[in-house]
Structures are given as C-alpha cells and as structure tokens.
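Structure assessment
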Amino acid sequence: MSSSSVTNPSAADEALRAQIFQRLHPRVYLERFIAEKIRPDGRTFDELRNVSVNAGSISTADGSALVRMGDTTIVCGVKAEIAEPELDRPEQGFLVPNIDLPAICSPKFKPGPPTEEAQVLSDRLNEALVASGVLSLSSLCIHPGKAVWTLYVDCTCINYDGNAFDAALLAMLSALKNTTLPKATYNEETGRTTCSRKTRLPVQLTRNFASTSFGVLDTSHVLSDPTAFEEPLMDVTLTVIVDDRGELISTTESGGTISEDTLLRCINRAKERTLQLKD
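Residues numbered from 1 in each chain as written. Predicted model: local features only at pLDDT ≥ 70, side-chain atom pairs only at ≥ 80, totals over all residues. Heavy atoms only, no water.

Side note on the overall build of the protein chain
Test applied: Segments assigned H or I by DSSP are reported as helices when at least four residues long, segments assigned E as strands when at least two residues long, and all are numbered from the N terminus. Exposure was quantified through the Shrake-Rupley algorithm and a 1.4 Å probe, taking into account, for residues, occlusion by the shown protein chains and nothing else. Charged residues are defined narrowly, with Lys and Arg counted positive, Asp and Glu counted negative, and His plus the chain ends left uncounted. All charge positions are set by atom: Lys at NZ, Arg at CZ, Asp at CG, Glu at CD.
A count of helical and extended segments in the protein chain gives six helices and twelve strands. By principal-axis analysis of the C-alpha atoms, the protein chain measures approximately 90 × 45 × 35 Å. On the protein chain, roughly 15200 Å² of surface is accessible, and the fraction owed to carbon and sulfur atoms is 50%. Of note, the protein chain has its 28 positive side-chain charges centred 5 Å away from the centre of its 37 negative side-chain charges.

A short note on the packing of aromatic side chains
The condition that has to hold: Only the six-membered ring of Trp is used, alongside the rings of Phe and Tyr, when aromatic pairs are assigned; centres must lie within 6.5 Å, and planes under 30 degrees apart are stacked while those over 60 apart are edge-to-face, with the rest tilted. The rule is simple: take the accessible area with a 1.4 Å probe, protein chains only, and divide by the maximum for that residue type; under 20% is buried, over 50% is exposed, in between is partly exposed.
The tally for this structure, following the rule as stated, stands at three aromatic pairs. Judged by centre distance (5.1 Å) and plane angle (55°), the ring pair of Tyr-29 and Phe-33 falls under tilted. Of the two residues, Tyr-29 and Phe-33 are both situated in helix H3 (residues 26-35); the distance of four residues between them amounts to about one turn of the helix. Classification of Phe-33 as partly exposed rests on a relative accessible area of 25%. A centroid spacing of 5.7 Å and a plane angle of 85° characterise the contact between Tyr-29 and Phe-229, whose relative ring orientation is edge-to-face.

Details of the environment of Lys-108
Keep this limit in mind: By definition in these notes, contact holds between two residues if any of their heavy atoms fall within 4.5 Å. Each polar contact in these results corresponds to two N or O atoms within 3.5 Å; when the atoms are within protein, one needs to be able to donate a hydrogen and the other to accept it, and residues that are neighboring in sequence are counted only if both atoms are side-chain atoms.
Tracing the backbone shows Lys-108 in the loop between strand S4 (94-100) and helix H4 (116-132). Ignoring sequence-local partners within four residues, the contact set of Lys-108 consists of Glu-117 and Tyr-160. Among the polar contacts listed, one links the side chain of Lys-108 to the side chain of Glu-117, at a separation of 3.3 Å.

A closer look at the pattern of salt bridges
Side-chain pairs of opposite charge can arise whenever the charged atoms involved come near each other. Selection criterion: Salt bridges are defined by distance alone: a side-chain nitrogen of Lys or Arg within 4 Å of a carboxyl oxygen of Asp or Glu.
On inspection of all chains with the given rule, the structure shows 17 salt bridges. Between Asp-225 and Arg-49 there is a salt bridge, with the nearest N and O atoms lying 2.9 Å from each other. Linking Asp-225 in the loop between strand S10 (221-224) and strand S11 (236-243) with Arg-49 in the loop between H3 and strand S1 (51-55), this pair joins segments that are 176 residues apart in sequence. Its relative accessible area of 1% is what places Asp-225 among the buried residues.

Some remarks on the side chain of Thr-72
Here Thr-72 shows up in strand S3 (residues 72-83). The buried category is assigned to Thr-72, whose relative accessible area is 0%. A polar atom in the side chain of Thr-72 sits 2.9 Å from the backbone nitrogen of Asp-161. Within the local environment of Thr-72, its side chain forms a polar contact with the backbone oxygen of Gly-162, the two atoms lying 2.8 Å apart. Excluding residues that lie within four positions of it along the chain, Thr-72 makes contacts with Arg-49, Val-67, Asn-159, Tyr-160, Asp-161, Gly-162 and Ala-167.

Remarks on the nonpolar core
When a protein is soluble and globular, its nonpolar side chains tend to lie buried together. Inclusion rule: We define the nonpolar core as a collection of buried residues of types Ala, Val, Leu, Ile, Met, Phe, Trp, Tyr and Cys that are connected through side-chain atoms lying within 4.5 Å of one another.
Within the largest apolar cluster, 46 residues are counted, with the highest numbers of intra-cluster contacts made by Ile-74, Ile-99, Leu-129, Leu-151, Cys-155, Leu-169 and Phe-209. Elements with a minimum of two residues in this core: strand S2 (63-69), S3, S4, H4, strand S6 (147-159), helix H5 (164-177) and strand S7 (180-187). With eleven residues, H5 is the single largest residue contributor to this core. In this view, Leu-169 contacts Leu-125, Ala-128, Leu-129, Phe-209, Ser-211 and Ile-241; residues no more than four positions away in its chain are not counted. Counting eleven residues, the second-largest nonpolar core is a separate cluster that includes Phe-214, Val-236, Val-240 and Cys-266.

Scope: geometric values only; no functional claims are made or implied.
Okay, here's the thing in structure tokens:
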C-alpha cells in the first residue's frame, strides 16, 4: 500500500464520515452549511425544489395526479360516491381529503394504523380546502335532500423527503382539476339515482392556489421548502397559502412566532411560487 493512500483518505471515506457526523450531530451539521450560505442539498435558502405534476395517472379513479417535489413523491386519487346529504344542508355534497404516510415511504414511519403526523396533515389539508372555498359543495348536489356526491380525495406518499403538506395539497388540487363525474339524475318515484355511462362532467373549481412552506432557524435564517432532514431541526415552521391573484388565504405557524418582516418576506415568496406553479 502506498503512503499516499494512507495519508489521503478516499472520497468514499470522507462521505462516510460526513454521514456519521450528520447522524450524530444533525443541528451542528446543518449550521455549518448555513454559515456558508448554502444548504446540505446544494440549494440556496430561498430556492425551491423542482416540481412535476402528472395528471390522470390512475385510470381507475375519477380523477388523479402524481406530484414530485424534489424526492418527495405523492399520488392522489379521487373516488366519487353517491350519498344522502345532511338534514341541515340538503343541497351540499361532501369533500373528504385524507393522506397516508405508509412505512414504505420512509424509515421514520412504522407499519400499523395512521400516524399522528398523517392525521394532523389530513386535518390541515381539510382546513386548507375549506378555507379556500376551492369547490362549492352545492355543485355536488344531484337532488336537494335526496342525493349528493361525496368526493374522497386520498393521497398516498410513495417517497418522503419533507414538506409533505405542499406536495399533498398540490396533488389534491391537480387531481380535483382532473376529476369528472358521470351525469346523474334522481328519480323521485323510485327513489333511485341513475348515472350516465356516456356523459361525464368536469368538477368546477372556483380558484387556483398553492401552499409554500418555510422553516426558520435561529430566528434569522429562513429556508424554503425544507427537506426531511431540515424539518425537525427548524425552530419555527410556517406555511403560506396564496391564490394565483395574489390573495392571501391563510398562514399557519408552529413551534413559535416569527417577526412581521419575516412573515411578509415569506408571503411575497409564496406569491411568486404560486404564479410559477400556475405557469
């Protein structure tokens, strides 16, 4: 063995040492990158990961989409069923979003019932869809008081690398845009609903919007679209939802509070991102 091979460790050895240090001291590892104005995956603080959307990817669903946001991959399918409306809302259908984070998508998730993170994400997605009014529930009415459509919007994470909320919301909206429903008529005499096999009508969405999530480290460093490695190290996380007209729909903070200047900067970044996704 030559002396050079002993004194100069290989690139593989260096990479292994970096991985070990990252596991043992994740916060220090990230802070060393931040000090150099760069992130572990090579992005700048404001840089978002590449996004791709493939609509209509599930032929057996009424609507579907596959979204890739960096290495985070989520597939969403919409399934429509006919149901009776609630008594106090006889002309409104139902929109039921849900997300599954199976063990196959990341080592952090274990087999078994839905994790708390999946339940919280489902609640946040439901709140986002309701707050935005993206779909008029009255448009899902077949016959008042008798029959309405229920849309089950189910997301499954295939590969998890952070920021599942943004990816799932984009997948849900893309799947809803892709959704068509058979023309349905209700027969009052028989009490049955008949669906056409030939005529399908698209679901009408009322607005176009997107969410952008940020992580704040040491109150001053704002990282856009955090990865699975970065997310648990953030002091504060912020999600901003904006429509394509620049109207703010909602902001959600967790872990603490941020300054007004930081909030405004994130809102402006979210507006830019929404227009980019629209294009």
